[in-house]
Amino acid sequence: MVPLSWYLIFSAALFSIGLFGVLSRRNAVAILLGVELMLNSVNVNLAAFWRYGDVADIAGQVFAIIVFAVAAAEVSVGLALVISVYRRRNTVIADDLDMMKF
Amino acid sequence: MTGAQIIFLVVAFFTLGSGLMVVTTRNLVHAALWLIATLFGVAVMFALLNASFLAVVQVVVYIGAIAILFIFAVMLTRKEMRDQGPQLNRNWWFGALLSVVTFSGLFALLQGWSGISKTPAVFPSDFDAVTALGNALVSPDAYVLPFEVASVLLVAALVGAVYVAFNRK
C-alpha cells in the first residue's frame, strides 16, 4: 500500500506550488487560482489523515466538506471583487490597486 | 512496488505538473484549464484514499462550478492582460524562495515524525463511509452545527458576491 508520507509530501508540494502562485503572480485572478491549489492540498491532507487514522471517526471528511464550502464562498466573493474592481479601474493587476496605500 | 503505488505516483506527478502549469503559464484561460486538470488529479487522490463522497464532490463542485467560475472571470477581465507583459511580479524570486523553504521545512518536519510510515486503517465490517458521513453531518451529537454554519456562510457569501459584482448602470 501507499505509505502515509507520500500523501503528505504530495500535498506539501501542491501547497508550495499554490504559495508560489499567490506570491508571484500579478493578475488577481491568477492569485485566486493559487489559493485554490492551496485549499486542495489541505483537503488531500485531511482525507489522508482520516484514511490512515481511525476510519470510524469521520471528522476528517466532515472537515474537508467544510473546507469545500468555505472555498466556494471565498472564490465567489473574490471573483466578484475582481470583476467589480475591473469595472471601476479597468485593471486586474494587483500592483496597480494601491489607492489605499499610504 | 505495487499497483496502487504506481497509480499514486502517476497521478501525483500529473497533478503536480499541471499545478506548476497553473502558476507559470502566461495565458490565463490555459491556467484555468490546467486548474481543471489539477482538480481532477486531486479527485483521483480522494478516490485512492477511499473517500468516494469527496471525490464526487470535488468533480461536481470544484470542476463543475468553481473552475467554470474562474473561466468566466478570466473572460470578463482579459482585455489588456492576455499575453503581453510580465505575468510575474518583481519579487517573484522571493515567492519562489519562500515556497521552496516551505516545502523543505514541511519535508524535514515529516522526516522527524513517528507516524510517517503508518499503514492505512482497515475498514470495520459493515462500515459504509458515505453513510457514516451523512449521519455525522445531520446528527445533533456530531457535526450538524458546523454544517449549518457553513451553509449560512455560503448563502451570505453568494448574496454578497451578487451585490458586489452587480452592475448598477
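Here the residue numbers are simple positions, counted from 1 along each chain's written sequence. Chains carry letters from A onward and ligands carry numbers from 1 onward, assigned in written order. For a predicted model such as this one, the threshold for reporting local features is a pLDDT of at least 70, and the threshold for listing and counting side-chain atom pairs is 80 or more; totals across whole chains, interfaces and linings nevertheless cover every residue.

1. Thoughts on the overall build of chain A
Working step 1: Here a strand is any run of E in DSSP of at least two residues, a helix any run of H or I of at least four, and the numbering for each starts at the N terminus. Scanning chain A from terminus to terminus reveals 3 helices and 0 strands.
Working step 2: Along its sequence from the N terminus, chain A presents helices and strands in the succession α-α-α.
Working step 3: Two things to know: the radius of gyration comes from C-alpha atoms, and the globule rule equals 2.2 Å times the number of residues to the power 0.38. Over its C-alpha trace chain A gives a radius of gyration of 17 Å, far above what one expects of a compact globule, namely 13 Å for 102 residues.
Working step 4: Oriented by its inertia axes, the alpha-carbon framework of chain A measures out at about 50 × 25 × 25 Å.
Working step 5: Here a residue counts as buried when 20 or more other C-beta atoms sit within 10 Å of its C-beta, as exposed when there are 12 or fewer, and as partly exposed otherwise, the C-beta atoms being derived from the backbone. Put simply, chain A has 102 residues, and 58% of those count as buried.
Working step 6: We call two residues in contact whenever the C-beta atoms placed from their backbones are within 7 Å. Within chain A, residue pairs in contact and separated by at least 24 positions form 51% of the contacts whose partners lie at least 6 positions apart.

2. Brief notes about the overall build of chain B
Working step 1: For chain B, the helix and strand inventory stands at 6 helices and 0 strands.
Working step 2: In chain B, the order of α-helices and β-strands from amino to carboxyl end is α-α-α-α-α-α.
Working step 3: Relative to the 2.2 N^0.38 estimate, which gives 15 Å for 169 residues, the radius of gyration of chain B is 20 Å and therefore markedly larger than a compact globule would have.
Working step 4: Considered along the principal axes of its C-alpha atoms, chain B spans approximately 60 × 45 × 30 Å.
Working step 5: Counting over 169 residues, chain B shows a buried share of 25%.
Working step 6: Counting only contacts in chain B whose residues sit at least 6 apart along the sequence, the fraction spanning at least 24 positions is 49%.

3. Notes on the domain arrangement of chain B
Where interface size is given, it is often the accessible area lost as the parts come together that is meant.
Working step 1: What counts as a domain boundary in this text is fixed by an automatic or database domain assignment. Segmenting chain B into domains produces domain 1 (1-80) and domain 2 (129-169).
Working step 2: Domain 1 of chain B and domain 2 of chain B are separated by 23 Å when their C-alpha centres are compared.

4. Side note on the environment of I31(A)
All names here are of chain A.
Working step 1: Following the sequence through the fold, I31 ends up in helix α2 (residues 28-52).
Working step 2: Judged by the 19 C-beta atoms lying within 10 Å of it, I31 is partly exposed.
Working step 3: Residues I31 and G21, spaced 10 residues apart in sequence, show a C-alpha to C-alpha distance of 6.1 Å.
Working step 4: Those residues in contact with I31 that lie beyond four places of it in its chain are V22, R25 and A94.

5. As for the interface of chain A and chain B
Working step 1: Residue-level contacts link 63 residues of chain A with 75 residues of chain B.
Working step 2: When contributions to the side of chain A that touches chain B are tallied by element, the ones reaching two or more residues are α1 (4-24), α2 and α3 (59-89) of chain A.
Working step 3: In this classification, the charged set is Asp, Glu, Lys and Arg, the nonpolar set is Ala, Val, Leu, Ile, Met, Phe, Trp, Tyr, Cys and Pro, and all remaining amino acids, among them Gly, are polar. Looking at the side of chain A that touches chain B residue by residue, the classes come out as 45 nonpolar, 11 polar and 7 charged.

6. Considerations on the nonpolar core
Working step 1: Throughout this description, the term nonpolar core refers to a group of buried Ala, Val, Leu, Ile, Met, Phe, Trp, Tyr and Cys residues whose C-beta atoms join them within 7 Å. In this structure, V29(A), L33(A), A47(A), A48(A), L35(B), F46(B) and F70(B) are the most contacted members of the largest nonpolar core, which totals 71 residues.
Working step 2: Breaking this core down by element, the ones donating at least two residues are α1, α2 and α3 of chain A together with α1 (3-24), α2 (28-48), α3 (52-76) and α6 (144-165) of chain B.
Working step 3: Tallying contributions element by element places α2(A) first for this core, with 14 residues.
Working step 4: When we break this core down by domain, the ones giving at least three residues each are domain 1 (1-80) and domain 2 (129-169) of chain B.
Working step 5: Excluding its chain neighbours within four sequence positions, the residues that come into contact with F70(B) are V29(A), L33(A), A32(B) and L35(B).

7. So, the confidence of the model for chain B
All names here are of chain B.
Working step 1: pLDDT expresses, on a scale from 0 to 100, how confident the predictor is about each individual residue. When pLDDT is averaged along chain B, the result is 86; 95% of the residues meet or exceed 70.
Working step 2: Mean pLDDT across the elements of chain B ranges from a minimum in helix α5 (residues 129-138), with 85, to a maximum in α6, with 92.
Working step 3: Model confidence for the complex is summarised by a pTM of 0.90, with the ipTM given as 0.89.

8. Considerations on unusual backbone geometry
Residues and elements named next belong to chain B.
Working step 1: Non-glycine residue N50 carries a positive phi angle of around 60 degrees.
Working step 2: Positionally, N50 belongs in the loop between α2 and α3.
Working step 3: Accessibility expressed as a C-beta count within 10 Å gives 16 for N50, which makes it partly exposed.

9. Remarks on the packing of α1(A) against helix α4 (residues 92-111) of chain B
Working step 1: Two elements in contact, α1(A) and α4(B), have axes separated by 8 Å at closest approach and are oriented at 165 degrees. Taken together, the axes of α1(A) and α4(B) lie roughly antiparallel to each other. In this structure, α1(A) meets α4(B) at a crossing whose hand is right-handed. Taking contact as the criterion, the partners of S5(A), L8(A), I9(A), A12(A), A13(A), S16(A), L19(A), F20(A), L23(A) and S24(A) in α1(A) are, on α4(B), W92(B), G95(B), A96(B), L98(B), S99(B), T102(B), F103(B), L106(B), F107(B) and L110(B).
Working step 2: Here the contact of α1(A) with α4(B) is composed, by residue class, of 14 nonpolar, 6 polar and no charged. Here an angle of 0 to 180 degrees is reported between the N-to-C directions of two axes, which are lines fitted to C-alpha atoms, with helices fitted over the stretch in contact. Relative orientations are named as follows: roughly parallel for angles under 35 degrees, roughly antiparallel for angles over 145 degrees, roughly perpendicular for angles from 65 to 115 degrees, and oblique for any other angle. Take the far helix as the reference: if the near one is turned anticlockwise from it by less than a right angle, the crossing is left-handed, and if turned clockwise, right-handed.

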